[in-house]
Amino acid sequence: MKKNTKELELAILIIILVILLDTLYLLKVINIVYFAYFMASLMIVSLLGTIFTYIDERKRKEKKQIEDLMYYDKVTNLPNKTKFLEDLNFIKNQGKYCVVSLEVKNFKQFLDVFGITETNKFLKFMANSLKLNVENDELIAYINEDEFALALKYDSNDVLEKRLTKINNKIVESSKSIKVVLSFGIYVITDRRFSSSIMLNKANVARKKISDNYNVLCSFYDDNMKSENIELSDIENYMEESLKHKDFIVYYQPKYNVSKNKIIGLEALIRWIHPKRGILSPDSFIGVFEKNNFILKLDMYVLEEVCKTISKWKKNGIKIVPISVNLSRCDLEKNNLISDIQKIVKKYSIEPKYIEFEFTESIIYDNMNKFLNVINVLHQIGYVVSIDDFGAGHSSLNILKNLPVDTLKIDKEFLSEDSSKGKIIIANTITLAKDLNMKVLVEGVESKKQVSFLKKMNCDYAQGYYYNKPLSIKEIENVLKK
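All of the points below concern the structure found in this document. Given the structure is predicted, the values throughout are model-derived calculations rather than measurements. (Residues numbered from 1 in each chain as written. Predicted model: local features only at pLDDT ≥ 70, side-chain atom pairs only at ≥ 80, totals over all residues. Heavy atoms only, no water.)

## A short note on the overall build of the protein
Reasoning step 1: Per the secondary structure count, the protein includes 17 helices and 14 strands.
Reasoning step 2: Each of the 482 residues in the protein was classed as buried or not, and the buried ones make up 45%.
Reasoning step 3: Taking as baseline every contact in the protein between residues at least 6 positions apart, the subset at least 24 positions apart corresponds to 68%.
Reasoning step 4: Of the accessible surface of the protein, which amounts to about 26,700 Å², a share of 54% is contributed by carbon and sulfur atoms. (Helix = DSSP H or I, 4+ residues; strand = E, 2+ residues; numbered from the N terminus. Buried < 20%, exposed > 50% of the residue type's maximum accessible area, 1.4 Å probe, protein only. Contact = heavy atoms within 4.5 Å. Areas by Shrake-Rupley, 256 points an atom, 1.4 Å probe, with all protein chains shown as cover.)

## Some thoughts on the side chain of Ser-219
Reasoning step 1: Its location among the elements puts Ser-219 in strand E5 (residues 218-220).
Reasoning step 2: Not counting chain neighbours up to four residues away, the residues in contact with Ser-219 comprise Phe-184, Gly-185, Ile-186, Ala-206, Lys-209, Ile-210 and Met-225.

## Some words on the pattern of salt bridges
Reasoning step 1: Per the counting criterion, the structure on display carries 22 salt bridges.
Reasoning step 2: For Asp-87, the salt bridge goes to Lys-83, with nearest N and O atoms at 3.6 Å. Residue Asp-87 and its partner Lys-83 are located together in helix H3 (residues 81-91), separated by 4 residues, close to a single helical turn.
Reasoning step 3: When its relative accessible area of 23% is taken as the criterion, Asp-87 is described as partly exposed.
Reasoning step 4: Here Lys-312 makes a salt bridge to Glu-477, at a shortest N to O gap of 3.0 Å. Here Glu-477 lies in helix H17 (residues 473-481) and Lys-312 lies in helix H9 (residues 295-316), a separation of 165 residues in the sequence.
Reasoning step 5: Of the residues examined, Lys-312 reaches a relative accessible area of 35% and is grouped as partly exposed.
Reasoning step 6: On the basis of relative accessible area, Glu-477 is assigned to the buried category, the value being 9%. (Salt bridge = Lys/Arg side-chain N within 4 Å of Asp/Glu carboxyl O.)

## A look at the pairing of strand E6 (residues 248-257)
Reasoning step 1: Counted residue by residue, E6 has 8 buried out of 10 residues, so it is predominantly covered.
Reasoning step 2: Inspection of the sheet shows E6 paired to strand E7 (residues 262-274) by 10 bridges, in the antiparallel sense. Paired with Lys-255 across the bridge in E7 is Gly-265.
Reasoning step 3: Counting the residues that bridge the hairpin from E6 to E7 gives 4 residues, and of these Asn-261 lies at a positive phi of roughly 50°.
Reasoning step 4: Across 2 bridges, the pairing between E6 and strand E14 (residues 461-462) is antiparallel. Across the sheet, Tyr-256 pairs through a bridge with Ala-462, a residue of E14. (Pairing = 2+ DSSP bridges.)

## A look at the side chain of Asn-168
Reasoning step 1: Following the sequence through the fold, Asn-168 ends up in helix H5 (residues 157-174).
Reasoning step 2: A relative accessible area of 11% places Asn-168 in the buried class.
Reasoning step 3: What Asn-168 contacts, discounting residues up to four positions off in sequence, is Leu-182, Phe-184 and Leu-217.

## Points about the packing of H3 against helix H6 (residues 196-208)
Reasoning step 1: One can describe the packing of H3 onto H6 by two numbers: an axis separation of 9 Å at closest approach and a directional angle of 110°. Accordingly, the angle class assigned to the pair H3 and H6 is roughly perpendicular. Helix-helix and strand crossings are classified by hand; for H3 and H6 the assignment is right-handed. Here Lys-81, Phe-84, Leu-85, Leu-88 and Asn-89 of H3 lie close against H6, whose contacting residues are Ser-196, Ser-197, Met-199 and Leu-200.
Reasoning step 2: Grouping the constituent residues of the contact of H3 with H6 by class yields 5 nonpolar, 3 polar and 1 charged. (Axes fitted to C-alpha atoms, helices over the stretch in contact; angles between N-to-C directions. Parallel < 35°, antiparallel > 145°, perpendicular 65-115°, else oblique. Left-handed = near helix turned anticlockwise from the far one by under 90°. Nonpolar A, V, L, I, M, F, W, Y, C, P; charged D, E, K, R; others polar.)

## Section: the packing of aromatic side chains
Reasoning step 1: Enumeration according to the criterion identifies 17 aromatic pairs in this entry.
Reasoning step 2: Judged by centre distance (5.3 Å) and plane angle (90°), the ring pair of Phe-359 and Phe-371 falls under edge-to-face. Of the two residues, Phe-359 is situated in strand E10 (residues 355-360) and Phe-371 in helix H13 (residues 368-381); the sequence distance between them amounts to 12 residues. Considered together, Phe-359 and Phe-371 belong to a single accessibility category, that of buried residues.
Reasoning step 3: Their ring planes at 85° and their centres at 5.1 Å tell us that Tyr-466 and Tyr-467 sit as a pair that is edge-to-face.
Reasoning step 4: Given the relative accessible area of 35%, Tyr-466 is considered partly exposed.
Reasoning step 5: Put simply, the rings of Phe-248, Trp-272, Phe-285, Phe-289 and Phe-294 touch in pairs and so form one group of aromatic residues.
Reasoning step 6: Between the NZ or CZ atom of Lys-83 and the centre of the ring of Tyr-71, over which it lies, the distance is 5.6 Å.
Reasoning step 7: Just above the ring of Phe-194 sits the side chain of Lys-202; from NZ or CZ to the centre is 4.7 Å. (Phe/Tyr/Trp six-rings, centres within 6.5 Å; stacked < 30°, edge-to-face > 60°. Lys NZ or Arg CZ within 6 Å of the ring centre and 35° of its normal.)

## Quick look at unusual backbone geometry
Reasoning step 1: The backbone of Ser-349 shows a phi angle near 55°, a positive value even though the residue is not glycine.
Reasoning step 2: Positive phi, close to 60°, is recorded for Asn-458, a residue that is not glycine.
Reasoning step 3: Note on placement: Asn-458 falls in the loop between helix H16 (448-456) and E14.
Reasoning step 4: Classification of Asn-458 as exposed rests on a relative accessible area of 52%.

## Brief notes about the sheet that holds E5
Reasoning step 1: The strand order E2-E3-E1-E4-E5 describes an open sheet built from 5 strands, whose pairing is mixed. Every other strand in the sheet has two partners, leaving strand E2 (139-144) and E5 as the edge strands with one partner each. Between one strand axis and the next, the sheet turns by 20° as a mean value, whatever way the strands run.
Reasoning step 2: Here 5 bridges tie E2 to strand E3 (residues 147-153), and the two strands are oriented antiparallel to one another. Bridging across to E3, Tyr-142 finds its partner in Phe-148.

This is a description of form; function is not addressed.
What follows is the structure, encoded as structure tokens:
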């Protein structure tokens, strides 16, 4: 508006000057030479004004384009993380606010099912839905593929939670193509001295606390999460360095034939000799690695260590039994999973019969078709495939008929000494699996009484501390030599 006003003023001024000069010339106040001189000068000034206006307009457009690239996402047209943090630095001092980290939990599923074009439409839908639910003095931004950020006015936890529930319900109800699952992590701004990035990070920490729980919508940051965040930083800060220095050690837990009390295989289990925190069990870091995709590197590292071990045993004449390697849901999403496996196995000239791949039952529900395709290819090559933690899910029996797997590993929770119902489930699962031409392995065997029960039920294999704890490579070699 200001630019147009200046152009209008310049045009009016030029017209007035032309009329004035023309009048002076007609009244013979100035002669033709001066008239021509003034008219030429006026034209030059006018031309220069037009040129400068054009240059100014072009610079303005270029500046806006640069700002758009720097501060706005081209798909959603929302401010990006950089813009959000800059604006948050300003409004955090203007009243009582909270920072909200929003995640679309099933974003990858949406991407796999619908592809990039439909996913971009979905992101635009999310952006427009959120815009309708924020006020002028609040902020909204698109952070990355499955995350948004909000800065909302804050009254109380209850009021905010009701507001976020309302936003969630509207988005879920409006999304017809697939059920959207959202989670909100919230940091109520209590200390304005924190930088914007720290505030957003605290909201992220709160959100990650419930990332695996589909039944909880909102999580508020509290000081107890601070120590957890430090632990998370220790894990992520050292993971690459530890992989490079081989601080991840593969242990081997034997699998036994129940009736013959004989080792028929091993399971490769990872332990981490952390530079600061000592020996860590998988429970303390696998979940983190699955979220940041580092698990892709770790799984292939374990496979390569197993292949090295088998190759070494071949040369040294040590008895070789099949070794199972765990694969994660992240592996299943890789398009080049099979080629990566084959590259490692062929590098060490390992026969497929010596490698077994284990998938946890929960993976199956994420993408059944992809899972079945991968299993079929693995079987064609000659690998054995098993389902780990069977029974830990919610609809295991419904999927059994569609699973072309070789072995079911029944979750250890069913073998509890005081669980008569668990034993009934184990007995019937063994019968059902045998009818479907599957072998059964029960995990977590810890007593002779449990072994007697499994023998009575004609269970094929067992694994647990009754037989052996996870052993180092030297320990397992001594066991195999016997």
